[in-house]
Amino acid sequence: MEQEARTSSDSVVSEFEGTLLKNQDPFSYFMLVAFEASGLIRFAVLLFLWPVITLLDVFSYENAALKLMIFVSTVGLREPEIESVARAVLPKFYMDDVNMDTWKVFSSCKKKVVVTRMPRVMVEMFAKEHLIADEIIGTELIVNRFGFVTGLIRETDIDQTVLSRVADLFVDGRPHIGLARPGKTISTTFLSLCEEHIHAPIPENYNNHNQQLELRPLPVIFHDGRLVKRPTPATALLILIWIPFGIILAAIRILLGSILPLWATPYVSKIFGGQINVKGKPPQPPAPGHSGVLFVCTHRTLMDPVVLSYVLGRSIPAVTYSISRLSEILSPIPTVRLTRIRDVDAAKIKQQLSKGDLVVCPEGTTCREPFLLRFSALFAELTDRIVPVAMNYRVGFFHATTARGWKGLDPVFFFMNPRPVYEVTFLNQLPVEATCSSGKSPHDVANYVQRILAATLGFECTNFTRKDKYRVLAGNDGTVSYLSFLDQLKKVVSTFEPFLH
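Not measured: the values here are computed from a predicted model. (Residues numbered from 1 in each chain as written. Predicted model: local features only at pLDDT ≥ 70, side-chain atom pairs only at ≥ 80, totals over all residues. Heavy atoms only, no water.)

Novice: Pulling in residues and values, what's your account of the side chain of Thr 401?
Specialist: With respect to the helices and strands, Thr 401 occurs in the loop between strand S14 (386–394) and helix H18 (410–415). For Thr 401, the contacting residues outside a window of four places in its chain are Asp 224, Gly 225, Arg 226, Arg 300, Thr 301, Thr 366, Arg 368 and Asp 410. (Helix = DSSP H or I, 4+ residues; strand = E, 2+ residues; numbered from the N terminus. Contact = heavy atoms within 4.5 Å.)

Novice: Can you break down the pattern of salt bridges residue by residue, with the values?
Specialist: Once their charged atoms are close, side chains differing in charge can pair, the charge on each being opposite to the other. One pass over the structure, following the stated rule, counts 15 salt bridges. Its salt-bridge partner being Arg 181, residue Glu 15 comes within 2.9 Å of it at the nearest N-O pair. Of this pair, Glu 15 sits in strand S1 (residues 7–15) while Arg 181 sits in the loop between strand S6 (174–180) and strand S7 (196–199), and the two are 166 residues apart along the sequence. No difference in accessibility class separates Glu 15 from Arg 181, as the two residues are buried. For Arg 394, the salt bridge is made with Glu 423, and the minimal N-O distance between the two is 2.2 Å. A residue pair is termed long-range when its members are at least 10 positions apart, and Arg 394 in strand S14 and Glu 423 in strand S15 (residues 421–426) qualify at 29 residues. By relative accessible area, which is 27% here, Glu 423 ends up partly exposed. Bridged by salt links that share partners, the residues Arg 120, Glu 124, Lys 128 and Glu 140 form one connected network. (Salt bridge = Lys/Arg side-chain N within 4 Å of Asp/Glu carboxyl O. Buried < 20%, exposed > 50% of the residue type's maximum accessible area, 1.4 Å probe, protein only.)

Novice: Can you break down empty space enclosed by the protein residue by residue, with the values?
Specialist: Taken as a whole and assessed by the stated rule, the structure comprises 4 cavities of 30 Å³ or more. For the largest cavity, the calculated volume is near 260 Å³. Around the largest cavity sit 18 residues that line it, and Thr 265, Ser 269, Gly 274, Tyr 310 and Phe 415 are the ones nearest its centre. If you list the elements that add at least two residues to the lining of the largest cavity, you get helix H12 (233–259), helix H13 (265–271), strand S8 (275–279), helix H14 (304–312) and H18. (1 Å grid on protein atoms, 1.4 Å probe; cavity = no way out; pocket = protein on both sides within 12 Å on 5 of 7 lines; lining within 4 Å. Points joined across faces, edges and corners; volume = space filled by probe spheres on them.)

Novice: Break down unusual backbone geometry for me, with residues and values.
Specialist: In this model, Ala 200 is joined to Pro 201 through a cis peptide bond whose omega is 0°. Of note in this structure, Ser 60 is not a glycine but carries a positive phi near 65°. Relative to the helices and strands, Ser 60 resides in the loop between helix H5 (50–58) and helix H6 (62–74). Unusually for a residue other than glycine, Ile 132 sits at a positive phi of about 55°. Take Ile 132: it is sitting in the loop between helix H10 (120–129) and strand S3 (135–139).

Novice: Residue-level account of the state of the cysteines, with values.
Specialist: For the structure shown, the criterion picks out 0 disulfides. Looking at Cys 194, it has no disulfide partner, and the nearest cysteine sulfur is the one in Cys 109, 11 Å off. We classify Cys 194 as buried; its relative accessible area is 1%. Looking at Cys 367, it has no disulfide partner, and the nearest cysteine sulfur is the one in Cys 461, 12 Å off. (Disulfide = S-S within 2.5 Å.)

In structure tokens, the structure reads:
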């Protein structure tokens, strides 16, 4: 009897939806998979089926509603495509929805198990990397012999399958705590195996006796995907309605940006919903015959150097590495393409500085979250006329950066937003004693510039690099291979490949 009554101390089994996450409806996460792994057509189809899914839920056909969402969002996709979205896109939206009270209870236990009704592949990466879960139990997608997801799952009775899998994990003793959404039945679910049952919301005084609590889950530093907001039914409908207008607006904005003088663009952009906020005092243009200033910017989107030129009212060349040929063609300012060969790049930057001002983004890639990646020290070796510039932006619908998609659409997505806002803050030029001229090492100078820019924006400094970002988001090291126009066109068309099978 003692053996049967024994519990696994410091163990917890927690439901994902409605418990670890505040929202118990997974619809918006399937919408993200539909949009990011497939495209707009599947996104629209799933949205139009939302009333049917809701009715199934209302009449207690939860399993049928879930299976319908899984089918529409995944059928015809390859499993690695879903894994890519789960790795690069979903963690940001999950993190924004984490219930911190539940997290405190969950993180205080040694053995942590997450239970979800969604496909395991959609949750596993986030739960293990950010919630530090040991095991994830979810539904399993069926993949055919050609490598395509059928849209079906292996489980017929989801609750019973979860119950048996949890029991298999705790053959030596019962889990101590079971966390579940309000109204979750105990007798027919995994809760029946747990010694203590807690339903969200967690009582306020429950954690008072716990002394070892994680303050927050591990933050999401890198994320990808075009959608800024979680596509709830209302938000998704608004996005679909806006897209035709957004495309027209983007075309007008890009056209005006290419024909208007740079100094006029900030004023005209206000008419079409854009806004540029400027703080600090920018330096004067260099006198003839003198070398220019090196503007060292934080890198939020590919528009950073362009916006800087708008603010200064003159064309400032920018060094680039991975922007597309289309972006270079559309750019109203000159671009200097780097090779990632140190000596060659140093010579190019010196040559440009001898002609005038230059913009460089030493992070080497964009980062959306309030973190700065490690600064390359190359810029510090080449001049002591360094002006740090803190760049930040706000958009409502679409992100203007991508690691997994086609970068040629970055400017289009930026200008499709109803009211894109840029914030530009000029810091004072570095004093000579803070540069390499005073004997400081290039790395010390780069780290100093990173710190003052982070402090200005309220961001955190990291040691992550471009390679780290692309390994997380795209599964490669970020090395650019330049594609022909035909190859780029094929990459765009491949977005709709799943609908051909």
